[in-house]
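# Geometric and topological summary
Residues per chain are reported as follows:
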Amino acid sequence: MCIGVELGGQLARVTLIENYPGTGPVSGTEIIRRTESMVRKYSNVRIELDEVVRVIPEESMYRVLTRSGHEYRTYAVIVASGKMPRRLRVPDEEKYLGRGLSYCVVCDAPFFRGRRVLLVSTYKPGLKMEISILGLYCSVLYWVPESVPEDVINDVVSELRDKVQVLRGYKVKSIVGDEKVRGVVLEGPDGSEVKLDVDGVFVELGYEFRTDFIKDLVQTNERGEIVIDTLCRTSREGIFAAGDVTAVPFKQAIIAAGQGATAALSAAEYLSKRFGLKARRLDWHKEFSDGFRIRLKL
Ligand SMILES: Cc1cc2nc3c(=O)[nH]c(=O)nc-3n(C[C@H](O)[C@H](O)[C@H](O)COP(=O)(O)OP(=O)(O)OC[C@H]3O[C@@H](n4cnc5c(N)ncnc54)[C@H](O)[C@@H]3O)c2cc1C
């Protein structure tokens, strides 16, 4: 059984993907549609649109509680709850997503060839690489660094020379545009407002990992990502994790898909070791108070 707030996660917001093998250039929603149709055609996985609010270990199983009040019991859990980029928190931010506003330099920089771009970023490993990628494509790069060490700023300035303009102490107040981003209004360190004409806004302020419902059970790192081993096992027996929510540093759709396959095989192996070969034929029904019929078929 698969429980998700929605189908598709971040991919639902990706207009064009050019690095997913076997599809050619394709929208995120098309990958979701094809994946859902495969799951429905070739497996008996039940899909429930709901939010998991807690996972509680009980005896040899886990109780999974959802926002709508349902409760499911399972021997193994795969967490693939992804991540949410930290927002700028300006008006109309959602409206411009995929229309000039991006939270992923590595994914979207090639769409801004020859364009004027604003980057708002905190410091993180890989930041210099991301800025170099942006520098390859855009014509002008305005950069609002937040808590970025001076030596990193100086390195970037010396690498990109005329292309980059560093706006220390500035804050984005609003995005200006019509159906696309056309500019931004910034507030300077002295409180004055400046309007910049840009075609793109990149926000790299880190991520919020969605682990509230499980973080007491499994080991997470300082960023809140779930720590896994090479078989996608977490620190707790019977709980596996895959995709962007894990501590694996590269957050891409193909990597999440590969980890999903690894986690599923690891969970199957775990169950078959626990229950022996009979696990393959285990067909388990149970009625719960809410009247839901739960079927765990391995
Ligand atoms: C703008 C943008 C462009 C991108 N472009 C590319 C690209 O070109 N190529 C590429 O490879 N990758 C790209 N990515 C990255 C790619 O989308 C992610 O790596 C991938 O979607 C990760 O999948 P995931 O399933 O791990 O997490 P997510 O996509 O984050 O999905 C997690 C799902 O879990 C749900 N969820 C969270 N908490 C709960 C809960 N408690 N209960 C139930 N459900 C829950 C969420 O609602 C969400 O639906 C892009 C991302 C963005 C934002």
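From a predicted model like this one, the values you see are computed outputs, not experimental measurements. (Residues numbered from 1 in each chain as written. Predicted model: local features only at pLDDT ≥ 70, side-chain atom pairs only at ≥ 80, totals over all residues.)

What follows covers the overall build of the protein. Across its full length, the protein carries 6 helices and 19 strands. Projecting the C-alpha coordinates of the protein onto the three principal axes gives extents of approximately 65 × 35 × 35 Å. For the protein, with 298 residues in total, the buried portion stands at 28%. Here the analysis covers contacts within the protein between residues at least 6 apart in sequence; of these, 52% occur between residues at least 24 apart. (Helix = DSSP H or I, 4+ residues; strand = E, 2+ residues; numbered from the N terminus. Buried ≥ 20, exposed ≤ 12 C-beta atoms within 10 Å, placed from the backbone. Contact = placed C-beta atoms within 7 Å.)

To continue, consider the site of the ligand. Surveying the vicinity of the ligand reveals 32 residues, the closest of which are G9, G82, C107, G243 and A253. Every element with two or more residues in the shell around the ligand is listed here: β1 (2-4), α3 (105-108) and α6 (253-275). Considering each element in turn, the shell around the ligand owes the most residues, 3 residues, to α6. Three or more residues apiece are contributed to the shell around the ligand by two domains, here domain 1 (2-82 + 208-297) and domain 2 (87-204). (Near = placed C-beta within 6 Å. Domains from an automatic or database assignment.)

Right, let's get into the packing of helix α4 (residues 127-137) against helix α5 (residues 150-160). At a minimum axis separation of 11 Å, α4 and α5 run at an interaxial angle of 25°. When the axis of α4 is compared with that of α5, the two are roughly parallel. Crossing of α4 over α5 shows right-handed handedness. On the side of α4, the interface is formed by L127, K128, I131, S132 and G135, while α5 contributes V152, D155, V156, E159 and L160. Each residue belonging to the contact of α4 with α5 can be placed in one class, and the counts come to 5 nonpolar, 2 polar and 3 charged. (Axes fitted to C-alpha atoms, helices over the stretch in contact; angles between N-to-C directions. Parallel < 35°, antiparallel > 145°, perpendicular 65-115°, else oblique. Left-handed = near helix turned anticlockwise from the far one by under 90°. Nonpolar A, V, L, I, M, F, W, Y, C, P; charged D, E, K, R; others polar.)

As a further point, take unusual backbone geometry. In this structure, R89 takes a positive phi of about 60° despite not being glycine. Following the sequence through the fold, R89 ends up in the loop between β7 (83-85) and α2 (93-96). Despite not being glycine, S147 shows a phi value in the positive range, around 55°. Within the element layout of this structure, S147 appears in the loop between β10 (140-146) and α5.

What follows covers the sheet that holds strand β15 (residues 200-204). The strand order across the open sheet built from 5 strands is β8-β15-β9-β10-β11, with neighbouring strands paired in parallel fashion. At either end of the open sheet lies a strand with only one pairing partner, and these are β8 (101-102) and β11 (164-166). The pairing of strand β9 (residues 116-122) with β10 spans 7 bridges and is classified as parallel. Bridging from a neighbouring strand, T122 pairs with E146 of β10. (Pairing = 2+ DSSP bridges.)

Taken in spatial order, the 3 strands line up as β12-β13-β14 in an open sheet, and their pairing is antiparallel. Each edge of the sheet is formed by a strand with only one pairing partner; in this case those strands are β12 (171-177) and β14 (193-197). Pairs of neighbouring strands in the sheet enclose a mean axial angle of 25°, with direction left out of account. Across 5 bridges, the pairing between strand β13 (residues 181-187) and β14 is antiparallel.

Another aspect to go through is the nonpolar core. Counting residues in each nonpolar core, the largest one holds 30 residues, and the members touching the most others are V117, L118, L119, L134, L141 and V201. Sorting the residues of this core by element identifies β9, α4, β10, β12, β13 and β15 as the ones contributing at least two each. If near-sequence neighbours (up to four positions away) are discounted, L141 is found in contact with V117, L119, L134, G135, L160, K163 and V164. Grouped together as the second largest cluster of nonpolar side chains are 26 residues, V79, A80, I226 and C232 included. (Core = buried A, V, L, I, M, F, W, Y, C linked by C-beta atoms within 7 Å.)

In terms of domains, the protein is made up of domain 1 (2-82 + 208-297) and domain 2 (87-204). Computed over C-alpha atoms, the centres of domain 1 and domain 2 are 34 Å apart.

On to the environment of D162. By secondary structure assignment, the location of D162 is in the loop between α5 and β11. On a C-alpha basis, the gap between D162 and V140 in space is 8.4 Å, while along the polypeptide they are 22 residues apart.

Turning our attention to the pairing of β9. Extensive coverage of β9 is indicated by the burial of 5 of its 7 residues. Of the pairings in the sheet, the one linking β9 to β15 comprises 5 bridges and is parallel in character. Residue V117 lies in a different strand from β15, and its bridge partner there is G200.

This brings us to the environment of E51. Tracing the sequence through the fold places E51 in the loop between β2 (47-49) and β3 (52-58). Since 15 C-beta atoms lie within 10 Å of it, E51 is described here as partly exposed. With near-sequence residues (within four places) excluded, E51 lies in contact with V5, T66 and R67.

Attention now goes to the pairing of β14. With 0 of its 5 residues buried, β14 lies for the most part at the surface. Hairpin connection, β13 to β14: the antiparallel pair is bridged by 5 residues, and G191 has positive phi, about 90°.

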